[in-house]
Structures are given as structure tokens and as C-alpha cells.
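Okay, here's what each chain looks like letter by letter:
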Amino acid sequence: GCVANAHAQSSKSIILEEAGNEKQALSSKIYITSDPRGEHSAQDIVQRFKNNIRGVPNNENYIRFPMHVEPYWAAVQIDNKTKDTQWVLDFGTIHDGRSGMLSKLLVYEGKTRKIFFDGLGSSFDKDTGGVTSSIPLTLKANESSILVFYIVPDDYYPLTLYPSITKILFGFKKIYKSIILK
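Residues numbered from 1 in each chain as written. Predicted model: local features only at pLDDT ≥ 70, side-chain atom pairs only at ≥ 80, totals over all residues. Heavy atoms only, no water.

(A) Quick peek at the confidence of the model for the protein chain. Confidence in the prediction for the protein chain averages 83 pLDDT; 79% of positions are at 70 or higher. In the model of the protein chain, helix H2 (residues 168–180) stands out as the element of lowest mean pLDDT, 58, in contrast to helix H1 (residues 42–50), which has the highest, 97. Across residues 1–10, confidence stays below pLDDT 50; counting only partners more than four residues off in sequence or on other chains, it has 28 contacts. (pLDDT = per-residue confidence, 0-100. Helix = DSSP H or I, 4+ residues; strand = E, 2+ residues; numbered from the N terminus. Contact = heavy atoms within 4.5 Å.)

Now the structure itself:
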């Protein structure tokens, strides 16, 4: 399967710092593993990541998937060097350049084995592209986490995502300002 295109990589991670940017893009530090036959689980991807078999490095400021329904795994290490534990994951908006739709999505943290978003079942909102709002995350303070996404694009239009992470308080301030200023 994907072992042939998996490369051992030097450590690249997203670093969250107290005085850091309020919004941190994830795309350039993400590794992608194609899984056409559905051979992997989220925990397999975490184990491979820990063993330095991380998949194909993305190296772009977005993630673009081909226009066919095929499962992909994306993994990124996040080093939370703050006292904050509450974060928001966002996959971008049309204004960022996001396009296409997801038919399935899972957001998983490998060390705690916690599922933050389960869009694998029939209740997943495909009509709006599945992810219309931000997904709250809990990341342990002063620890590293491995975030894993299971992504199945829809075949309607090529899927382009702009994943980012934001401190939850900043995320809510931004939402609050947009409501007040309308």
C-alpha cells in the first residue's frame, strides 16, 4: 500500500507559544498518507508517525486533494508550549481559498486517543461540506500532541483545505466581533 511512498522525515512540528501568533496555520507541517484500500486506523497513523514513517510532507500553505473519493490520513505534531489547553481547529473558508467538500472527516488526537470530531456516519452534513464551524480541541499544556485527520473528499470538486489552530478565547473574540460589527 502506502509504505512505498512513506518517507522518514526529520522532526517538523507546529509550536504553540504564549506570545505566538493568534492563528497558526498547520498545512506546511502536515504529512499525508493515501489509504485507497482503507488499511489503516487512526492509531496506526499515530504509531507510524512516532516511528518516523509519516507519509508525504505537504510543504504548502494549503492541502489539495485529487477529485475522487479516496481516503487520506493527515498527521501533524503540535508542541503546546503554553498553559492553554483549549484550542479551535478550523479548515478554512472560501475567503482563505477553501474549496470542495468532504464526504467523511475524523479528527483524532493520538496520545490521549480522543476523537474531537466524528464525521464518519450518515449524520455527517455533506450538503454544507461537512465542516461549517470550528472544532474545539483540548491539548495538554506544555506537551506534544499528534493530531490525525481522516479525510475522504467528495468527487464533486477538488478539495482544498487551509487548516489552522487558534486559542479558543481569541476564536470567540473574533466570532463576537463579527457579530457585533454586522
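(B) A look at the pattern of salt bridges. By the definition in use, this model includes three salt bridges. Here Glu18 ties to Lys83 by a salt bridge, and the two come within 3.5 Å at their closest N and O atoms. Remark: Lys83 occurs in the loop between strand E6 (72–80) and strand E7 (86–90) and Glu18 occurs in the loop between strand E1 (14–16) and strand E2 (23–25); sequence separation between them is 65 residues. Classification of Glu18 by relative accessible area gives partly exposed; the value is 37%. Across the salt bridge formed by Glu39 and Arg37, the nearest N and O atoms sit 3.2 Å from each other. (Salt bridge = Lys/Arg side-chain N within 4 Å of Asp/Glu carboxyl O. Buried < 20%, exposed > 50% of the residue type's maximum accessible area, 1.4 Å probe, protein only.)

(C) Examining unusual backbone geometry more closely. For Asn59, which is not glycine, the phi torsion reads 60° and is therefore positive. Note that Asn59 resides in the loop between strand E4 (56–57) and strand E5 (63–65). By relative accessible area, Asn59 is classed as partly exposed at 48%. Non-glycine residue Asn142 carries a positive phi angle of around 55°. By the secondary structure assignment, Asn142 is in the loop between strand E10 (135–138) and strand E11 (143–153). Assessed through its relative accessible area of 57%, Asn142 is described here as exposed.

(D) Up close: the sheet that holds E7. Read from one edge to the other, the open sheet built from four strands follows the order E2-E13-E7-E10, with strand pairing classed as antiparallel. Strands at the two margins of the open sheet, each flanked by one partner only, are E2 and E10. Strand-to-strand twist of the sheet, defined as the mean angle between neighbouring strand axes without regard to direction, takes the value 30°. Note: E7 against E10, four bridges, orientation antiparallel. Considered in E10, the bridge of Trp87 is made with Leu137. (Pairing = 2+ DSSP bridges. Axes fitted to C-alpha atoms, helices over the stretch in contact; angles between N-to-C directions.)

(E) H1, seen in detail. Taken together, the buried positions of H1 are Ala42, Gln43, Ile45, Val46, Arg48 and Phe49. Phi turns positive, to about 65°, at Asn52, one or two residues after H1.

(F) Quick look at the nonpolar core. Ile78, Val107 and Phe149 are the most contacted members of the largest nonpolar core, which has 27 residues in total. Mapped by element, the contributors of at least two residues to this core are E1, E5, E6, E7, strand E8 (102–109), E10, E11 and strand E12 (159–161). If one sorts the elements of this core by residue count, E6 sits on top with four residues. Not counting the four nearest positions on each side in its chain, Phe149 is found in contact with Leu26, Ile30, Tyr72, Trp73, Ala74, Leu89, Phe91, Leu106 and Val107. With 13 residues, the next largest nonpolar core counts Ala42, Leu106, Tyr108 and Val148 among its residues. (Core = buried A, V, L, I, M, F, W, Y, C linked by side-chain atoms within 4.5 Å.)

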